[in-house]
Structure formats: C-alpha cells, structure tokens
Amino acid sequence: MRLFLCVVCLAVLLVAPLSAFVRAESLPGPVRHAYSFEQLSNSRYSVHTGFDDSLPQQVMVNVLWAMSRAPGAGSEYREFYVATPNNVYRYDPASYSLTVHRAGDFRYNSGSAFEVGVAASRPEEAGMAIQAGLLAGAAFRGSGVRGQGSGADVVSCPMQWAADNAAAGWKPNHPIRMVDVFGRAASVPLDTLCVAQSSDSTLPLPHVVGPDTFESVLADLHQDSSFSPVGLSLENVSQLCWAAYGVTPHLTYNRRQGVTVPTATGSYYLTGRIYVVGEDGVERYHNRGSGVGGQGSGVRMSPGVNLATRDHRLERVAAGDRRPELRGASARIPGSAPTYFVVCVPDTAADQVMEEAGFAGFQLLAQARALGLSGFLVVPLSRAERNAIASALSLPSGHVPALVFACGEAATSTADNERDSGAVRIVRAQPAIRRGQLRVEYLLSRAGDVRVEVFDMLGRPVRLLLDEQQSSGYHAATWDGTGEAGARLKRGTYLVVIISGGAVAKHKVTLG
Ligand SMILES: Cc1cc2nc3c(=O)[nH]c(=O)nc-3n(C[C@H](O)[C@H](O)[C@H](O)COP(=O)(O)O)c2cc1C
C-alpha cells in the first residue's frame, strides 16, 4: 500500500483543478482525513441536482482508490471509468493511473466535476465499489456546525440515468452498471448525531463515530475466514446491523428516513430483510416501522409500512441454533464463524436491488474491519445456494438470500496477541446513577480476558461485574449500584475499572 501524502502535498493537490487534467497520467496516492467509517456512514446522503464542476482532483483520486479497495463478488471483470469535462478515462488501480478511454466530454450532467462508473458482471460487486467511493467523497465535506454549511461541499448521487448515459456514450469494454455523479454544492457537515433508537431495547445504540479513519480501514480492508469461537457481543451485532442498514439523520428527497446506504427512489429493498444467525436463534433487523404514525406508540407494524420512522431493533424469528443448517446450505460458507448476517432481497433479477445488497455487503465488511473483527463475504450466491439458505432459515417468500457475511473474532497468531492484546478504551458512560443502572461501553482492540470491577474511593473492591473472555469490538458492562451482597451501596463516588491484557481503563461515577 502506498504511503499517504503529507499535509503539504495535500494542500498543493487540493488546489489543482480537475479541468487541468487532460491526458493519461499517474495519479497521486489517496489522502487521509480525520473521519471514521462510522461518521461518514452516518453523514452520507445523495444530492441529485444543482452542483458545479469545480472540485479539486484529489477528490476523484480518493474516490477511485476507495472503489478499487472494495472487495470482488465473483465478477468475471471489473473496470473503473471516470468522465470529466475533458475525457472519459479508464482507471488502473494497480498503477494509480488514468488513460484516456474516449476523448471528449461525455458526462451525464454538465454541472458534474466527475462521474465514476463501474463495469462488473455482478451488480453486487458494482454496489460495493460505489458505496466505498461515495463514502470516500463524503470525507472531503469536513466537520462543522450541525445545521450549517461546511464550506467543503463535495456531494454525489448514484444515478441510473447517468449509468444509461455512460452505457451509450463512454464506449466501455464491458457494460457499466452504475455511475456515481460528483460535484460541488452546498452541503451539511459530517454528522455525529445518532438518530437510531431501539423501541424495544433489543439492541444498544450504535456508535456513529469510530476509532479509526475511513481511509485506514479501507487500506486494511481484507476478508478472513478463520475465526475464534468467541461469540460477537450484542454491541458488535448492533454496530454491524446499523452499518449495513441503520438510520441516519438525513431525510431523502422524498422525505423518507435516510439510511447508511443509498437506495433507488427511496425504496429500501433490504428493510426487514437482514437476518442475524447466531447460537441462540435467527433474528431479523428492523430500522423502522415501530408504532403507528411514528415512534413509541408500542404498536408493531410490518416493516416498511412507514418509511419515515426510525428504529434499531432485532426481531427473533426462530429459536435454536440454525447455524449447522445454514453452513450445510453451501460449502462456501465458512464453518467456524460464530455469527452470520444473511442479506436478503425481494427480487434477485433486479440490478438495483442487487446493487443495494452490495452496498450493505461493503458496509458489513468495513464495519467488521473497523471493529478489528474477521469477516468473510459469500457472494454471489447460486440459485441452489439461495434456495438451500432460505429453507435452512425458514425464510418467508420475498426474502431471497443475496449474500452471507460470516463474522467473528479473528483467530489470531501469538505475535498479534503480544502486539496489542487487550487494549481497552471506554467509549460511552454516564457520569452518575440516580435511578436505574450505569452502563459503561468500551472498545477492545483484541480479544482476551476482561475483568470489570467497581472500587470505592479508598481503593476497596465493592463489586465484580464480569470476568470473562470477550471478542474484540464494542462491549458493555452494567452496574445497578449494589455491592457483592446485593444491597445498595451508600451515596458517593465509585470507580469502574476495566482490565484486559495488562491495559486498564477507568470511569468515575457518582451514585446518587
Ligand atoms: C441504484 C440507484 C440508482 C439511482 N438512480 C438515480 C437516478 O437515476 N436519478 C436520481 O436523481 N437519483 C438516483 N438515485 C439516488 C436515489 O434516489 C437516492 O439514493 C434515494 O433517494 C435515497 O436518498 P439518499 O441516498 O439521500 O439516502 C439512485 C440510487 C441508487 C441506489
């Protein structure tokens, strides 16, 4: 992997306009921003019209690089094209270079700065690349004050119309499936507001800001199918579900609740169709549809009825361990993963639907990497595999498996364990418990033994909360303010201490 450019180089590149770029050329490497995969996923949205073509070249460089980092999905070919006001180019990810494919201006939108197109025999593969690219572009928007413009103003929209235009005008070697159109327009800053809410407390809330930059997650994006048997924490399941298809603060052009991936005309084909298969049973993920007319009425609607509501919950659809049946449905499904995510669609014949499955597939893999988990995508699925998976999980009609994501803790080498075993960081905890429970959420960078204990301010242990093996990623410990004997402790300040592999994280809490 090439080294990222220094800040000085970045400043020079940011001012180089795209219009100066006229012939085949070697491109610089991607630059790294300060934003996490989670924050970019939380902040993405499509801007359909009204932009101009004045973006710096570096935006295109990062977008093309990100697209090339997305995983394959069994396509016989994968080609990246980019149309600028000057030419249509073909991008070679191995040499970071562009060659003129067709001279002249063949953009769909005369106001766009550049339009990137993917030719791939599998729509899922095109979808994964498009999703990677649009997040990479969003990283240029920058942070700022919520509700105000950021000044960076890099926007994009995946467009079927632009793909149709590319198919006709770009003369690609293979058919272009999808095009993402980029330009400059007023945009809102990257968002750190979490709007997901769990109407039935089946899932903890996701973290919409993560520890690593998106570019570093992408640079290290790879698949791994050897897993340790440690199960995923509920926090990690929550995070993965949200990354794949969770709600975000934006509304779509037709006033629907935005999610982490785009969807043609706000159709949200995956709503209620992402299944989580673990030791205890089969559950499906809902991002909306809780309560008539909105949140909180307590009346369940079928998923997808009200596309303006928000939720973040799991619905148990089968009890008992169905993993043996799932693994038996295809020899390509890794047998040792503790958890599987099965992304289903209503119709495997529709390209836009399968592209959406690809968006979610990329999100699952990138989130797993950001959490330090191992993940492996089984995609594409044959008709026989789809049928076998649907019957293994007793899926209803209209829920057709499009891909399986196997996920769990990496089976790591001793060297890896010695490197940074057990590093622990508290990511969310309230400062006081008045009524109810303290919840301390923490992030482990490696699996290992974890001990969470409460001490009084004289350093005396008062309550052991947990002492067990845990996977990497997000976890939570709760404390109800009682001591070992079960009686409520006296008011005052206490220290929650989390120890893992020699690393220690502490949280001070007031018991009121
Ligand atoms: C496969 C696909 C094709 C799309 N085609 C178009 C299009 O031709 N024109 C357009 O304006 N938007 C198009 N969009 C953008 C969607 O309308 C947009 O993603 C949707 O309204 C959801 O809004 P959001 O992306 O802001 O969440 C397309 C999106 C996808 C995923």
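Per chain, the residues get numbers from 1 upward, laid out in the order the sequence is written. Local features in this predicted model are restricted to residues whose pLDDT is 70 or higher, and side-chain atom pairs enter the listing and the counts only when it is 80 or higher, whereas totals over whole chains, interfaces and linings include all residues. By convention in this description, side-chain values take in all heavy atoms of the structure and omit both hydrogens and water.

A. Inspection of the pairing of strand 22 (residues 492-500) at higher detail. Should DSSP find at least two bridges between two strands, the strands are taken to pair. In DSSP terms, a helix is any run of H or I states spanning at least four residues, a strand is any run of E spanning at least two, and both are numbered starting from the N terminus. Here seven bridges tie strand 19 (residues 448-456) to strand 22, and the two strands are oriented antiparallel to one another. Note that in strand 22 the partner of Phe-455 across the bridge is Leu-495. As defined by bridge partners, strand 22 adjoins strand 23 (residues 503-511) across nine bridges and the pair is classed as antiparallel. Across the sheet, Gly-492 pairs through a bridge with Leu-511, a residue of strand 23. Counting the residues that bridge the hairpin from strand 22 to strand 23 gives two residues, and of these Gly-501 lies at a positive phi of roughly 55 degrees.

B. Structural context of the pairing of strand 4 (residues 97-103). As paired elements, strand 1 (residues 25-26) and strand 4 share two bridges and run antiparallel to each other. Among the inter-strand pairings, Glu-25 is bridged to a residue of strand 4, identified as Leu-98. Looking at chain direction, strand 3 (residues 87-92) and strand 4 are connected through six bridges and run antiparallel. From the neighbouring strand, Asn-87 faces strand 4, where its bridge partner is Ala-103. Here strand 3 folds back onto strand 4, and the loop between the two strands holds four residues, one of which, Tyr-96, carries a positive phi near 50 degrees.

C. Structural context of the packing of helix 3 (residues 57-69) against helix 4 (residues 123-138). Comment: axis = line fitted to C-alpha atoms, over the contacting stretch for helices; angle = value between 0 and 180 degrees taken between N-to-C directions. Viewed as axis vectors pointing N to C, helix 3 and helix 4 meet at an angle of 150 degrees, and their least axial separation amounts to 7 Å. Every pair of crossing elements has a handedness; the one defined by helix 3 and helix 4 is right-handed. Judged by residue contacts, Asn-62, Val-63, Ala-66 and Met-67 of helix 3 engage Ala-129, Ile-130, Ala-132, Gly-133, Ala-136 and Gly-137 from helix 4. The residue classification treats Ala, Val, Leu, Ile, Met, Phe, Trp, Tyr, Cys and Pro as nonpolar and Asp, Glu, Lys and Arg as charged. All others, Gly included, are polar. Of the residues assigned to the contact of helix 3 with helix 4, the class counts are seven nonpolar, three polar and no charged. Crossings are sorted by hand: turned counterclockwise from the far helix by less than a right angle, the near helix makes the crossing left-handed, and turned clockwise it makes it right-handed. Only heavy atoms enter the contact rule, under which two residues are in contact if any of them lie within 4.5 Å.

D. Inspection of the side chain of His-33 at higher detail. Mapped onto the elements of the fold, His-33 is located in the loop between strand 1 and helix 2 (37-43). Partly exposed describes any residue whose relative accessible area lies between the buried limit of under 20% and the exposed limit of over 50%, with all areas from a 1.4 Å probe on protein chains only and scaled to the type maximum. Looking at His-33, the relative accessible area reads 16%, which means it is buried. A distance of 2.8 Å separates polar atoms of two side chains, one belonging to His-33 and the other to Glu-215. By the criterion applied in these results, polar contacts are pairs of N or O atoms within 3.5 Å in which, for protein atoms, one can donate a hydrogen and the other can accept it, and in which residues neighboring in sequence qualify only through two side-chain atoms.

E. Expanded view of the sheet that holds strand 16 (residues 424-429). Strand order across the open sheet formed by three strands is 16-18-21, with antiparallel pairing between neighbours. Only two strands of the sheet have a single neighbouring strand rather than two, namely strand 16 and strand 21 (473-479). Strand after strand, the sheet turns through a mean of 30 degrees between neighbouring axes, direction not considered.

F. A look at the packing of aromatic side chains. Two aromatic rings, drawn from Phe, Tyr or Trp (for Trp, its six-membered ring), form a pair once their centres lie within 6.5 Å of each other, and the interplanar angle then sorts them: stacked below 30 degrees, edge-to-face above 60, tilted otherwise. In total, this model carries six aromatic pairs according to the counting rule given. With centroids separated by 6.4 Å and ring planes inclined at 25 degrees, the aromatic side chains of Phe-37 and Phe-214 adopt a geometry described as stacked. Taken as a pair, Phe-37 in helix 2 and Phe-214 in helix 6 (residues 214-219) lie far apart in primary sequence, 177 residues in all. The exposure classification of Phe-37 matches that of Phe-214, with both residues buried. Taking 5.5 Å as the distance between ring centres and 70 degrees as the angle between the ring planes, the aromatic pair formed by Trp-479 and Tyr-494 counts as edge-to-face. One end of the pair, Trp-479, is in strand 21; the other, Tyr-494, is in strand 22, with 15 residues separating them in the sequence. Tyr-494 shares its class with Trp-479; the two are buried.

G. The sheet that holds strand 2 (residues 78-83), seen in detail. As summarised here, the arrangement of the seven strands in space is 1-4-3-2-5-7-6, forming an open sheet in which the pairing is antiparallel. Both edges of this open sheet fall to strand 1 and strand 6 (154-159), since each of them pairs with a single strand only. Pairing geometry for strand 6 and strand 7 (residues 176-184), over six bridges, is antiparallel. Of the residues in strand 7, the one forming a bridge with Pro-158 is Asp-180. Contacts from helix 4 reach strand 2, strand 5 (114-120), strand 6 and strand 7, with the element oriented near 10 degrees to strand 7.

H. Structural detail: the site of the ligand. Throughout this document, a residue counts as near a molecule or strand when at least one of its heavy atoms sits within 4 Å of that molecule or strand. As a matter of local geometry, the ligand sits amid 22 residues, with Arg-44, Ser-46, His-48, Pro-158 and His-250 nearest to it. In this structure, His-48 approaches the ligand through a side-chain N or O atom, which is 2.7 Å from an oxygen atom. With respect to the ligand, the backbone of Trp-161 contributes an N or O atom lying 3.2 Å from an oxygen atom. Expressed as a share of its isolated accessible area of 620 Å², the protein-covered part of the ligand is 95%. Elements represented by at least two residues in the shell around the ligand include exactly strand 6, helix 5 (160-169) and helix 9 (351-370). By residue class, the composition of the shell around the ligand is eleven nonpolar, nine polar and two charged. When residues are assigned to domains, the shell around the ligand turns out to be shared by domain 1 (7-31 + 48-184) and domain 2 (214-409), each giving three or more. Only the protein chains shown count as cover for residues, with accessible areas throughout obtained via the Shrake-Rupley method and a probe of 1.4 Å. Each domain span listed reflects an automatic or database assignment of domains.

I. A look at the pattern of salt bridges. The working definition used for a salt bridge is a side-chain nitrogen of Lys or Arg within 4 Å of a carboxyl oxygen of Asp or Glu. Inspection of every chain in the model, using the stated rule, returns 17 salt bridges. Across the salt bridge formed by Arg-284 and Glu-315, the nearest N and O atoms sit 2.9 Å from each other. With Arg-284 in strand 11 (residues 281-286) and Glu-315 in strand 12 (residues 313-319), this residue pair connects regions lying 31 residues apart in the sequence. Note on Arg-284: relative accessible area 14%, which makes it buried. A residue is classified by how much of its surface remains accessible, and Glu-315, at 30% relative accessible area, is partly exposed. In this structure, Arg-451 and Glu-453 form a salt bridge, with 3.1 Å as the shortest nitrogen-oxygen distance. Taking the relative accessible area as the measure of exposure, Glu-453 reaches 12% and is therefore buried.

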